[in-house]
Amino acid sequence: DTGVSQDPRHKITKRGQNVTFRCDPISEHNRLYWYRQTLGQGPEFLTYFQNEAQLEKSRLLSDRFSAERPKGSFSTLEIQRTEQGDSAMYLCASSAAGQNYGYTFGSGTRLTVV
Amino acid sequence: AQSVTQLGSHVSVSEGALVLLRCNYSSSVPPYLFWYVQYPNQGLQLLLKYTSAATLVKGINGFEAEFKKSETSFHLTKPSAHMSDAAEYFCAVDLQGAQKLVFGQGTRLTINP
C-alpha cells in the first residue's frame, strides 16, 4: 500500500462545468476525510466518512458539493456548476479507528476554475 | 469551539540557526495536537503529534514540540535549520472525539544560506 492516492492531481475547468475527484485511502483505514485548502490558508474540513456512512458535513459543503463512499473504500467528491470561488486544493485523508489519531493525507487535487 | 493560532505567517532563519514556529490553541478540553509540513504542490506530511502522553514530542527530520497546558501552546522547534526545511508548516488541533482536524493558517519557513 503506497498511501492515500488522489486523482487527478490537477484539473482546469470552465465555470459552470461539473467536476469529480477521486480518493483512494490506505486500504485498512475505515475513516476518510475531505478538506479544502485555498491559497495561503490552512486546510478546512469539508466532510468525513466512517466506512460508507457520511457522518459529518461542514457548512462549507454547499448544495453543489456531494461526496460519496459507496463501498467503504474509495470516495468521490463532485462539484456541480463550478464557480471561480471553488478554485482550491482538495485534500483527502484517511485514518483507522483506534489508531491513536494518525491521519494520512494524499497529495491533493488542485482545481482551477476559469 | 476549538481554534488554532499560528503567530507569524512568515519566518526566516539562517541555515544552521534555531527554528521556532509558534502555535497556540484554544480548547475546552485537552486536545490532540499536530504539526504538518507541506512542500509546494504537495499534500501534508505529519511531523509529530501530541496525544496526551509525554509533553515533549519528537518528530521526523529533527523537529520537536512541547505541549504546555498552562500556556495553551505547542511550539515547534529544530536546533539547526537545513535548506530542505523550507516549506509551509501547519499546526492543527483535534478535540478528542471530534474526528476532524482544525488547522492554523500556516507559517512559511524560509532558510537563508
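To be clear, the structure that these remarks concern was listed above.
Residues numbered from 1 in each chain as written. Chains lettered and ligands numbered in written order. Predicted model: local features only at pLDDT ≥ 70, side-chain atom pairs only at ≥ 80, totals over all residues. Heavy atoms only, no water.

Enquirer: Got a minute to help me understand the overall build of chain B in this structure?
Expert: Helix and strand counts for chain B stand at zero helices and 11 strands. Mapped from its N terminus to its C terminus, chain B presents α and β elements in the order β-β-β-β-β-β-β-β-β-β-β. For 113 residues, the compact-globule formula gives about 13 Å, and the C-alpha radius of gyration of chain B, at 13 Å, lands near that figure. Taking the principal axes of the C-alpha coordinates as reference, chain B spans close to 40 × 30 × 20 Å. Counting only residues that meet the buried cut, chain B has 45% of its 113 residues in that class. The long-range share in chain B, meaning contacts at least 24 apart out of those at least 6 apart in sequence, stands at 55%. If you sum the accessible surface of chain B, you get close to 5100 Å²; carbon and sulfur atoms cover 53% of it. One finds the centroid of the 8 positive side-chain charges in chain B at a distance of 5 Å from the centroid of its 7 negative side-chain charges. (Helix = DSSP H or I, 4+ residues; strand = E, 2+ residues; numbered from the N terminus. Rg over C-alpha atoms; globule rule 2.2 N^0.38 Å. Buried < 20%, exposed > 50% of the residue type's maximum accessible area, 1.4 Å probe, protein only. Contact = heavy atoms within 4.5 Å. Areas by Shrake-Rupley, 256 points an atom, 1.4 Å probe, with all protein chains shown as cover. Lys, Arg positive; Asp, Glu negative; His and termini not counted. Charge placed at Lys NZ, Arg CZ, Asp CG, Glu CD.)

Enquirer: Just to check I follow, could you spell out the nonpolar core for this structure?
Expert: Most often, soluble globular proteins have nonpolar side chains that are buried together. In this structure, Trp-35, Leu-48, Phe-74, Leu-76 and Tyr-89 of chain B are the most contacted members of the largest nonpolar core, which totals 26 residues. Of all the secondary-structure elements, those providing two or more residues to this core are strand E2 (10-14), strand E3 (19-26), strand E4 (32-38), strand E5 (44-50), strand E7 (64-68), strand E8 (73-78), strand E9 (87-94) and strand E11 (107-112) of chain B. In terms of nonpolar packing, the next biggest core, distinct from the first, is built from 19 residues, Val-4, Phe-49, Ala-88 and Leu-111 of chain A among them. (Core = buried A, V, L, I, M, F, W, Y, C linked by side-chain atoms within 4.5 Å.)

Enquirer: Would you mind showing me how to read unusual backbone geometry here?
Expert: As a rule of thumb, non-glycine residues mostly have phi less than zero, and peptide bonds are mostly trans rather than cis. All names here are of chain A. Of note, the amide linkage connecting Asp-7 to Pro-8 takes the cis form, showing an omega dihedral of -5°. One non-glycine residue with positive phi stands out, namely Asn-51, at about 55°. Mapped onto the fold, Asn-51 is located in the loop between strand E5 (44-50) and strand E6 (53-57). Even without being glycine, Arg-81 reaches a positive phi, approximately 50°. The residue Arg-81 is located in the loop between strand E8 (75-79) and strand E9 (88-95) in this model. By relative accessible area, which is 47% here, Arg-81 ends up partly exposed.

Enquirer: Whenever I open this one, the sheet that holds E3 of chain B confuses me. Can you help?
Expert: Neighbouring strands of a sheet are bound in pairs by backbone hydrogen bonds; such pairs are parallel or else antiparallel. Residue and element names in this part refer to chain B. The five strands are arranged E1-E3-E8-E7-E6 in an open sheet whose pairing can be described as antiparallel. Edge positions in the sheet fall to strand E1 (3-7) and strand E6 (56-58), since each has one partner strand and no second. Adjacent strand axes in the sheet meet at a mean angle of 20° when their direction is disregarded. With five bridges joining them, E1 and E3 adopt antiparallel strand pairing. Note that in E3 the partner of Ser-3 across the bridge is Ser-26. (Pairing = 2+ DSSP bridges. Axes fitted to C-alpha atoms, helices over the stretch in contact; angles between N-to-C directions.)

Enquirer: How should I be thinking about the pairing of strand E11 (residues 109-113) of chain A in this particular structure?
Expert: Across a regular strand the side chains alternate sides, sitting on one face of the sheet and then on the other. All names here are of chain A. Here E11 shows one buried face, formed by Thr-109, Leu-111 and Val-113, and one open face, formed by Arg-110 and Thr-112. Sheet analysis places strand E2 (residues 10-13) next to E11, joined by four bridges and oriented parallel. Residue His-10 lies in a different strand from E11, and its bridge partner there is Arg-110. Direction of pairing for E9 relative to E11: antiparallel, over a ladder of three bridges. Along E11, the bridge assignment pairs Met-89 with Arg-110.

Enquirer: Which parts of the structure should I look at to understand the interface of chain A and chain B?
Expert: At the junction of the two partners, chain A supplies 23 residues and chain B supplies 21 residues. Summed over both partners, the interface of chain A with chain B buries about 1800 Å², with 48% contributed by carbon and sulfur atoms. Where chain A packs against chain B, one counts one salt bridge. Salt-bridge contacts for Lys-100 of chain B lead to Glu-56 of chain A; the nearest nitrogen and oxygen are separated by 2.7 Å. Among the elements of the structure, strand E4 (31-37), E5 and E9 of chain A are those that each provide at least two residues to the side of chain A that touches chain B. Tallying contributions element by element places E4 of chain A first for the side of chain A that touches chain B, with four residues. Of the residues in the side of chain A that touches chain B, the class split is 10 nonpolar, nine polar and four charged. (Buried area = accessible area lost by both parts, 1.4 Å probe. Salt bridge = Lys/Arg side-chain N within 4 Å of Asp/Glu carboxyl O. Nonpolar A, V, L, I, M, F, W, Y, C, P; charged D, E, K, R; others polar.)

Treat this as a map of the structure, not an account of what it does.
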